[in-house]
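The chain contents come next:
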Amino acid sequence: MPTSAAKMDEPYYCSQQINIPPELPDILKQFTKAAIRTQPKDVLAWSAAYFRAMSKGEIPPVKERLEMPVATQKIDSGLTQGLLRVLNKQLGPKINVTSFQVEEKWLDLALPIEQFHDIMRVGNFSSSFEWNKFFSLAASTLGDNITEAMKTICEILTSDPEGGPARIPFKLFQELYCFLAEVDGEISNQQITDVITHLQYDVDKQDGFVMPRNFLSGDCPQLS
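Residues numbered from 1 in each chain as written. Predicted model: local features only at pLDDT ≥ 70, side-chain atom pairs only at ≥ 80, totals over all residues. Heavy atoms only, no water.

Looking at this model, I keep getting lost on the side chain of Lys-105. Mind explaining?
Looking at where Lys-105 falls in the secondary structure, it is placed in helix α5 (residues 99–108). Overall, the relative accessible area of 12% leaves Lys-105 in the buried class. With near-sequence residues (within four places) excluded, Lys-105 lies in contact with Glu-58, Leu-87, Gln-90 and Leu-91. (Helix = DSSP H or I, 4+ residues; strand = E, 2+ residues; numbered from the N terminus. Buried < 20%, exposed > 50% of the residue type's maximum accessible area, 1.4 Å probe, protein only. Contact = heavy atoms within 4.5 Å.)

So this is what it looks like as structure tokens:
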């Protein structure tokens, strides 16, 4: 049993003595909300990435909202549309990226490194490459065909609000569609031309934009 003298030597704290930084409660509140929305697989690793990004004034690896499972999404892909949105928000503004930059952000989200290496190999990417091309290949892992990939690409890259038409510039659509078709290797040039020619009619009426509704129409030639 400690003596009364020992008890007297123990430090005594009261609320007036504890200095809580005024910004701490809000930081912890925002961090908790971000963790709940993102649902990270590795909370500690994600937390480190979160606070590292915040301390540098960078975009943290945070989903915009809690993501619900999508029936059409491949269960074993590791990547989800919500996580791909996070990556694009962090890396999209850079246009050109390095493999190190992408790998770092990829691992911050605890995504399978094997999947990252597969995308790098399929795209034949080197140490530096266009982010949009890596992004489009990553999108293709979320579905079963190029049509689904292009729909995902439109939904993420659009400036339209959620639930809107998901329009993107037709020039960007052509670039990414042609890239995915080239990687696929089984889509003929004639088929690509037929798709582009058909969509041009809609695009001309839509101020140079294309939307999923255009290429999901039964009148549009199959993308793949």
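It is not clear to me how helix α10 (residues 189–204) should be interpreted in this structure. Could you clarify?
Turn by turn, an α-helix covers 3.6 residues, leaving residues three or four places apart pointing in a common direction. Spanning 16 residues, α10 covers 22 Å between terminal C-alpha atoms, matching the ideal 22 Å at 1.5 Å per step. Considered for burial, the residues of α10 that qualify are Ile-192, Val-195, Ile-196, Leu-199, Asp-202 and Val-203. Looking at the buried positions of α10, the neighbouring elements they touch are α9 (170–184), β4 (209–210) and α11 (212–216). (Expected span 1.5 Å × (residues − 1).)

Sorry, what's going on with the pattern of salt bridges here?
Pairing between side chains becomes possible if they bear opposite charge and their charged atoms approach one another. Scanning the model with the defined rule gives 9 salt bridges in all. With its nearest N and O atoms 3.7 Å apart, the salt bridge here joins Lys-105 to Glu-58. A residue pair is termed long-range when its members are at least 10 positions apart, and Lys-105 in helix α5 and Glu-58 in the loop between α3 (43–56) and α4 (81–91) qualify at 47 residues. Measuring nitrogen to oxygen at the nearest pair gives 3.3 Å for the salt bridge that ties Arg-65 to Glu-162. A residue pair is termed long-range when its members are at least 10 positions apart, and Arg-65 in the loop between α3 and α4 and Glu-162 in the loop between α8 (146–157) and β3 (168–169) qualify at 97 residues. The class of Arg-65 is partly exposed, set by a relative accessible area of 39%. In this structure Glu-162 comes out as exposed when scored by relative accessible area, which is 63%. (Salt bridge = Lys/Arg side-chain N within 4 Å of Asp/Glu carboxyl O.)

Just to check I follow, could you spell out unusual backbone geometry for this structure?
Across residues other than glycine, the phi torsion is negative in most instances, and most of the peptide bonds are trans. Residues other than glycine seldom take positive phi values, yet Ala-110 does so here, at roughly 60°. Here Ala-110 is to be found in the loop between α5 and α6 (113–122). Overall, Ala-110 belongs to the partly exposed group, its relative accessible area being 25%. If you check the backbone angles, Asp-207 has positive phi at about 55° while not being a glycine. As for its position among the elements, Asp-207 is in the loop between α10 and β4. The class of Asp-207 is exposed, set by a relative accessible area of 70%.

Can you walk me through the nonpolar core in this structure?
Buried together is how nonpolar side chains tend to be arranged in soluble globular proteins. Leu-79, Phe-134, Met-150, Phe-173, Tyr-177 and Leu-223 are the most contacted members of the largest nonpolar core, which totals 55 residues. By residue number, the principal contributor to this core is α9, which donates 8 residues. Every residue in contact with Phe-173, bar those within four places of it in the chain, is listed here: Met-150, Ile-168, Leu-199, Val-210, Phe-215 and Leu-223. (Core = buried A, V, L, I, M, F, W, Y, C linked by side-chain atoms within 4.5 Å.)

Any chance you could explain the packing of α9 against α10 here in plain terms?
Relative to each other, α9 and α10 sit at 165°, their axes nearing to 12 Å. Put simply, α9 runs roughly antiparallel to α10. In the packing of α9 onto α10, the handedness of the crossing is right-handed. The segment α9 lies against α10, with Phe-170, Phe-173, Gln-174, Tyr-177, Cys-178 and Ala-181 engaging Gln-191, Ile-192, Val-195, Ile-196, Leu-199, Gln-200 and Val-203. (Axes fitted to C-alpha atoms, helices over the stretch in contact; angles between N-to-C directions. Parallel < 35°, antiparallel > 145°, perpendicular 65-115°, else oblique. Left-handed = near helix turned anticlockwise from the far one by under 90°.)

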